[in-house]
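# A closer look at the structure
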Amino acid sequence: YVDELPEEDVLDTIRATAGGGEPRRRGSTEHFRGEEFDLDGIRTEISFVTVARVEWRLEQLRDRPEEVDEAIQKVHLGILEGLPLHGSDLVDEWRTRLRDYPDSLRRHTIERHWSFLPLWYYGHAIELRDAELWRLDALLDGAFNLLRVLAALNRLYFACAEFKRMRALVAQMTVAPPDLPERLESLFRVEPAAAAGELG
């Protein structure tokens, strides 16, 4: 997080000094500059974001929750979970503001994602129509929507992209069905009728 974005050659210097390969992906806007490259076989990212942009995002979180998509929530998670190497006072201030999860975001998230295809009703029709991929897609949508709703109920930020550490997320929830991770994963291992009933 910087007051002003560095020039492109600063990224080149950092990458070369670290011994990284050629960048695979670069991005640049008026508020962001970054790249991704391999370093001894490990995907490595360097990202610079302006402090002003983070402040704007924090105001957006409070005032315009309908604009706070999961990509933005992933950035918020990075602030909450990351290890500050410098400027921890500023990061601590941001964390305090992020932990005050707004009621407006909670309501917006629940209303947006309380959506489930009732497979327990359509199961036979899906089977007759040879629509297994559609069924699996509906199960996956249902599982993710359930996690989104539960995260919001528990005032936790959620990002579906590259979703990992489900058990750590669920462990933070005070409101959740019992054995949630195992039950969600089982949806894709049992017969269609049983999966539909469990999702219901």
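This section reports on the structure supplied with the text. Note that residues are indexed from 1 along each chain, following the sequence as it is written. Where local features are concerned, this predicted model is filtered to residues with pLDDT of at least 70; where side-chain atom pairs are given and counted, the filter is 80 or more; whole-chain, interface and lining totals use all residues. To obtain the side-chain values, all non-hydrogen atoms of the structure were included, while hydrogens and water were left out.

## Quick look at the packing of aromatic side chains
Counted only if it meets this: Only the six-membered ring of Trp is used, alongside the rings of Phe and Tyr, when aromatic pairs are assigned; centres must lie within 6.5 Å, and planes under 30 degrees apart are stacked while those over 60 apart are edge-to-face, with the rest tilted. Segments assigned H or I by DSSP are reported as helices when at least four residues long, segments assigned E as strands when at least two residues long, and all are numbered from the N terminus. Relative accessibility under 20% of the residue-type maximum defines a buried residue, over 50% an exposed one, and the middle range a partly exposed one, all with a 1.4 Å probe and only protein chains included.
For the coordinates displayed, the defined rule picks out six aromatic pairs. Arranged with centres 5.0 Å apart and planes meeting at 45 degrees, the rings of Tyr 101 and Tyr 157 form a pair that is tilted. Here Tyr 101 is found in the loop between helix H4 (88-99) and helix H5 (103-113), whereas its partner Tyr 157 is found in the loop between helix H7 (132-153) and helix H8 (166-171), with 56 residues between them in sequence. For the pair shown, Tyr 101 and Tyr 157 are each scored as buried. Measuring from centroid to centroid gives 5.2 Å for Trp 114 and Phe 116, while their planes differ by 85 degrees, and the two rings are edge-to-face. Judged by its relative accessible area of 24%, Phe 116 is partly exposed. Among the aromatic residues, those joined into a ring-pair cluster are Phe 144, Phe 158 and Phe 163.

## Examining the sheet that holds strand E3 (residues 42-49)
What counts here: The pairing criterion for strands is at least two bridges between them, as found by DSSP. Axes here mean lines fitted to C-alpha atoms, for a helix over just the part in contact, with angles spanning 0 to 180 degrees between N-to-C directions. Whether two residues are in contact is decided by their heavy atoms, any of which lying within 4.5 Å being enough.
If you walk across this open sheet you meet the three strands as E1-E2-E3, and the pairing is antiparallel. Each end of this open sheet is capped by a strand with a single partner; those strands are strand E1 (25-28) and E3. The average angle at which neighbouring strand axes cross in this sheet is 15 degrees, direction not considered. One ladder, built from eight bridges, connects strand E2 (residues 32-39) with E3; its direction is antiparallel. Its bridge partner lying in E3, Arg 33 is registered against Phe 48. Contacts between helix H1 (residues 8-18) and the sheet are confined to E1, E2 and E3, with E2 contributing the most and set at about 20 degrees to the helix.

## Regarding the pattern of salt bridges
When the charged atoms of two side chains lie near each other, side chains of opposite charge can form a pair. We apply this condition: What makes a salt bridge here is a side-chain nitrogen of Lys or Arg within 4 Å of a carboxyl oxygen of Asp or Glu, nothing more.
A full pass over the atoms with the stated rule returns 21 salt bridges. In this structure, Glu 8 and Arg 26 form a salt bridge, with 3.6 Å as the shortest nitrogen-oxygen distance. Taken together, the positions of Glu 8 in helix H1 and Arg 26 in strand E1 put the pair 18 residues apart, joining distant regions of the chain. In this structure Arg 26 comes out as partly exposed when scored by relative accessible area, which is 41%. Several salt bridges share partner residues, and in doing so they unite Glu 8, Asp 12, Arg 15, Glu 22, Arg 26, Arg 33 and Glu 35 into one network.

## Observations regarding a nonpolar patch on the surface
This is how it is decided: Within this analysis, patches are made of residues with over 30% relative accessible area and no salt bridge. Like charges are joined at 9 Å or less; nonpolar side chains (Val, Leu, Ile, Met, Phe, Trp, Tyr) at 5 Å or less. Areas reported as accessible are Shrake-Rupley estimates using a 1.4 Å probe. Residue values count occlusion only from the protein chains shown.
Together, Trp 120, Tyr 121 and Tyr 122 make up an exposed nonpolar region whose accessible area comes to about 400 Å². One can find Tyr 122 in helix H6 (residues 119-128). Looking at Tyr 122, the relative accessible area reads 36%, which means it is partly exposed.

## Overview of unusual backbone geometry
One non-glycine residue with positive phi stands out, namely Asp 130, at about 55 degrees. Within the fold, Asp 130 resides in the loop between H6 and H7. Note on Asp 130: relative accessible area 70%, which makes it exposed. The backbone of Arg 165 sits at a positive phi, close to 60 degrees, despite the residue not being glycine. Considering the arrangement of structural elements, one finds Arg 165 in the loop between H7 and H8. For Arg 165, a relative accessible area of 56% translates into the label exposed.

## Observations concerning the pairing of E1
Bridging between E1 and E2 involves four bridges; their strand directions are antiparallel. The partner of Gly 27 across the bridge, within E2, is Gly 34. Hairpin connection from E1 to E2: three residues lie between these consecutive antiparallel strands.

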